[in-house]
Every structure is written in C-alpha cells, then in structure tokens.
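Structural features, examined
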Amino acid sequence: MIQQIVVLGGGQMGNGIAHVCAQAGYAVTVVDISEKQRELAQATITKNLDRSVSKGNLSEAAKKETLARLSFCDAIPHRDFDLLIEAVTENVVLKTKLLADASHRLKKEAIIASNTSSISLTQLAVATDRPEQVIGMHFMNPVPLMQLVEVIRSLTTSEATFQAVAEVIEKIGKTMVVSQDMPGFIVNRILMPMINEAIYSLYEGIATAEDIDRAMKLGTNQPMGPLALADLIGLDTCLAIMSVLHEGFSDSKYRPCPLLRNYVNAGWLGRKAGRGFYQYGGSVSCQKT
Ligand SMILES: NC(=O)c1ccc[n+]([C@@H]2O[C@H](COP(=O)([O-])OP(=O)(O)OC[C@H]3O[C@@H](n4cnc5c(N)ncnc54)[C@H](O)[C@@H]3O)[C@@H](O)[C@H]2O)c1
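The name an unreviewed UniProt entry gives the protein chain is 3-hydroxybutyryl-CoA dehydrogenase, with Candidatus Odyssella acanthamoebae as the organism.

Let's talk about the overall build of the protein chain
When its secondary structure is counted, the protein chain shows 11 helices and 10 strands. At 19 Å, the protein chain has a C-alpha radius of gyration in line with the 19 Å of a compact globule built from 289 residues. A principal-axis box enclosing the C-alpha atoms of the protein chain has dimensions of 55 × 45 × 30 Å. With 289 residues in all, the protein chain has 48% of them scored as buried. Sequence separation of at least 24 residues holds for 66% of the intrachain contacts in the protein chain that already meet a minimum separation of 6. Of the accessible surface of the protein chain, which amounts to about 13,500 Å², a share of 53% is contributed by carbon and sulfur atoms. Put simply, the protein chain has 28 plus and 29 minus side-chain charges, and the middle of one group is 4 Å from the middle of the other.

Digging into the domain arrangement of the protein chain
Taken domain by domain, the protein chain comprises domain 1 (4-180) and domain 2 (188-273). Spacing between the C-alpha centres of domain 1 and domain 2 amounts to 26 Å. Taken together, the contacts link 7 residues of domain 1 with 9 residues of domain 2. Here domain 1 packs against domain 2, burying approximately 650 Å² in sum over the two surfaces, 55% of which is carbon and sulfur. When residues of domain 1 are sorted by the area they lose upon contact with domain 2, Gln12, Glu90 and Ser118 head the list and together hold 53% of the total. Here the residues of the side of domain 1 that touches domain 2 sort into 1 nonpolar, 5 polar and 1 charged.

Section: the site of the ligand
Residues in close proximity to the ligand total 25 residues, the closest being Asp32, Glu90, Lys95, Ser117 and Ile233. Within the backbone of Gly11, one N or O atom sits 3.4 Å away from an oxygen atom of the ligand. Out of a free accessible area of 840 Å², the ligand has 89% covered by protein chains. Here the element with the most residues in the shell around the ligand is helix α4 (residues 92-105); it accounts for 3 residues. Class assignment for the residues of the shell around the ligand results in 8 nonpolar, 13 polar and 4 charged. Lining the shell around the ligand are residues from two domains, each supplying at least three of them: domain 1 (4-180) and domain 2 (188-273).

As for the UniProt feature "binding site: NAD(+)" (unreviewed entry) in the protein chain
The feature "binding site: NAD(+)" (unreviewed entry), as given by UniProt, occupies Gly9, Gly10, Gly11, Gln12, Met13, Gly14, Asp32, Glu90, Lys95, Ser117, Asn141 and Lys272 in the numbering adopted here. On the secondary structure map, Gly9 appears in the loop between β1 (4-8) and α1 (12-23). Setting aside chain neighbours within four positions, we find Gly9 in contact with Gly14, Val31, Asp32, Ala87 and Val88. Within the secondary structure layout, Gly11 lies in the loop between β1 and α1.

Overview of the nonpolar core
One finds Ile5, Ile17, Cys21, Val28, Ile85, Met137 and Phe139 to be the most contacted residues of the largest nonpolar core, which totals 33 residues. The greatest single-element share of this core, amounting to 6 residues, is contributed by α1. If you look at the next biggest cluster of nonpolar residues, it comprises 29 residues, including Met192, Tyr200, Ile241 and Tyr254.

A look at the pairing of strand β7 (residues 148-153)
Bridge count between strand β6 (residues 134-139) and β7: 5 bridges; the pairing is antiparallel. Across the sheet, the residue bridging to Gly136 is Ile152, located in β7. Following the chain from β7 across helix α6 (residues 159-171) to the adjacent parallel strand β8 (residues 175-179), one finds a crossover that is right-handed.

Topic: the packing of helix α7 (residues 187-203) against helix α8 (residues 209-220)
Where α7 meets α8, the axes come as close as 9 Å, and the angle between the chain directions of the two elements is 140°. Judged by the angle between their axes, α7 and α8 are oblique. In this structure, the crossing between α7 and α8 has a hand that is right-handed. Residues Met194, Ala198, Ser201 and Leu202 of α7 lie in contact with α8, whose contacting residues are Ala209, Ile212 and Met216.

Details of the packing of aromatic side chains
Evaluation of the coordinates by the stated rule reveals 4 aromatic pairs. Ring geometry for Phe249 against Tyr254: centres 5.4 Å apart, planes inclined by 35°, an arrangement best described as tilted. One aromatic cluster is present, built from ring pairs that chain together Tyr263, Trp268 and Phe277. In this structure, Arg153 packs its charged tip against the face of Phe162, placed 4.2 Å from the ring centre.

Examining unusual backbone geometry
Here the bond from Asn141 into Pro142 is cis, since omega is 0°, no more than 30 degrees from zero. By the secondary structure assignment, Pro142 is in the loop between β6 and β7. A positive phi angle, close to 50°, is found at Ser250, a residue other than glycine.

Calculation rules
- Residues numbered from 1 in each chain as written.
- Predicted model: local features only at pLDDT ≥ 70, side-chain atom pairs only at ≥ 80, totals over all residues.
- Heavy atoms only, no water.
- Helix = DSSP H or I, 4+ residues; strand = E, 2+ residues; numbered from the N terminus.
- Rg over C-alpha atoms; globule rule 2.2 N^0.38 Å.
- Buried < 20%, exposed > 50% of the residue type's maximum accessible area, 1.4 Å probe, protein only.
- Contact = heavy atoms within 4.5 Å.
- Areas by Shrake-Rupley, 256 points an atom, 1.4 Å probe, with all protein chains shown as cover.
- Lys, Arg positive; Asp, Glu negative; His and termini not counted.
- Charge placed at Lys NZ, Arg CZ, Asp CG, Glu CD.
- Domains from an automatic or database assignment.
- Buried area = accessible area lost by both parts, 1.4 Å probe.
- Nonpolar A, V, L, I, M, F, W, Y, C, P; charged D, E, K, R; others polar.
- Near = heavy atom within 4 Å.
- Polar contact = N/O pair within 3.5 Å; in protein donor to acceptor, adjacent residues only side chain to side chain.
- UniProt positions renumbered as here; feature names shortened; annotations may be inferred.
- Core = buried A, V, L, I, M, F, W, Y, C linked by side-chain atoms within 4.5 Å.
- Pairing = 2+ DSSP bridges.
- Right-handed = clockwise from strand over helix to strand, strands pointing away.
- Axes fitted to C-alpha atoms, helices over the stretch in contact; angles between N-to-C directions.
- Parallel < 35°, antiparallel > 145°, perpendicular 65-115°, else oblique.
- Left-handed = near helix turned anticlockwise from the far one by under 90°.
- Phe/Tyr/Trp six-rings, centres within 6.5 Å; stacked < 30°, edge-to-face > 60°.
- Lys NZ or Arg CZ within 6 Å of the ring centre and 35° of its normal.

Here's what the structure looks like:
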C-alpha cells in the first residue's frame, strides 16, 4: 500500500503534484536540485492552500495537516518511499539518468512514475532496475484544479503497478484515462499540434497574438487561447513535446515552429520566465508582448 511519496522536481508540476498528494493524506517529500525552486514550491503550495481556506473549500486545520505532511530536500533522503513521481524538465537524457539513479536508491517494491508529457515510458522503464514497476502519471496544469491524470502503460508495466497507481489517483480525487505508450499520448498528441499551429499563425503574420487567442476562445469555446496556454505550459516544454512528436513519428507535420525555437533561445519561456507570447508582472494577468 502506498503511504510515502517522493516527488522528483519541484517546478510548476512537481509542486502541484506534491500539494494534491499531501492533501489526500500521503507523506510527501519534494526533491529539487535548486534551492530557489524548493522555496518557490513551498511558497506556492502554501499560497494555494491559503486560497482554498479563504474560499471555504478547506479548513485551517486541514491546511496545517497538509503542510505538516510535506518536506523538501535536495536529494532522495531514504529508501523507504513507496512511489516516486518524477516531474523534472522534459528532457529524455535527464529523465533517463535520474530515473536510473533513483531506482538504485529506492526499495525494490517502490513504483516509479513519470509525469512526462510525451517521452516513451518504455524507454524510461528500461533505464531502471525495475521496468515492470515504471508507469506514466501525466497530471494536468495547474494540478490542484485540473481533474485529469493520463496514465501511460509502458510495454513492460505490470498489472499490479497499474492497479496501485489507479488507487492513488482515486484517493487524490482525480479522473484517469489510459493511453498506450506512443509519443504525446492522448492529450499532447492533439493539443500540441494545435498550439504549434497557433504559433505558426503568429509567425506568418496572420493575426496578432491577442486575436489568435480571442478567435479560439470565442470561436471554439476554449477557456484559454492557445498562445496563453503555451505560456502557461512553458515554451521550453512545448518545444520539447513537439520535438518528441516530430522525431517519434518521423512526420514533418509535427515540425516545431521556428518562432517557438527563437522564443526558447531568448529565454522567453512563458509565465515562469515573466515573458513569452505575453508579458507577466507579479500577478498572472497578461499583457501583449
Ligand atoms: N508545464 C505543464 O503544463 C506540464 C503539464 C503536464 C506535464 N508536464 C511535464 O512535467 C515535467 C515538469 O514540467 P514543469 O512545467 O514542472 O517544469 P519546470 O521547469 O517548472 O520544473 C522542472 C523542475 O525540475 C527541476 N530539476 C531539473 N533537474 C533536476 C535534477 N537533476 N534533480 C531534481 N530536480 C531537477 C528544476 O529545478 C525545476 O524545478 C515535464 O516532464 C513536463 O513535460 C508539464
């Protein structure tokens, strides 16, 4: 039975995953190499819990209990975790190395899940010492608000691993869909080409960023335009996902837009960098770049 969870990577996804797991009663340790990111993760979780209290969705006591179940470290502190959820940068070399290292640091029963948006779970699984205990748990952003977790079974994932992870998803109150291990799975196979096409529309001068987003919000009933959504996801993550689709399917229809590459080269990564297709101040309201 899963009781102790380690979340590897405390960025925007890692802090959200830690938040929902701790709130559901799990003891959660967040591991991130960056002290700044650990501090930001703790501050973000506290702020989001405070917001739930002020809206009347959570009691002050439950908030304190959630925070007491959370700890933050620069390395995996012991072997006794039952589940590791990896949420580091979308980079296959980094993830492969970290999961291989982590598998040697955890007890043999521990399950290893990756929050990757697009990378082959089978490739990640075989880098570890326990391919049958590796699975994809793809949370959506922002994790505390989004209902879906996409579960990806690698070619090697066992039924016991799948069932254990399905129980966790039920306990944290999310809804699961199951995808085969193919580039981008379900959500990003469909979403990312749309975002990339929106970036091409901007690149080709078809319309302004604001009009592209307004068209898709008001014309197709999306809560957020594709360029604003790209900024929320992170343009480095969008580029990494498009590159996995492009390479994985060997199909030019997935080629990343050159403007996306330029923005990533400039460090204009979206909200987390303060600038992407829009500019962001201290609050999350956006202005056109
Ligand atoms: N952003 C999204 O909307 C979204 C949605 C679903 C899934 N994902 C996936 O989640 C993962 C994380 O994305 P994110 O948006 O949180 O990125 P992020 O840039 O906000 O966070 C990545 C974190 O990984 C940490 N990190 C890097 N190297 C590390 C190491 N060696 N050890 C420990 N920590 C390390 C960084 O310090 C950073 O805090 C990616 O695989 C991404 O594809 C992202």
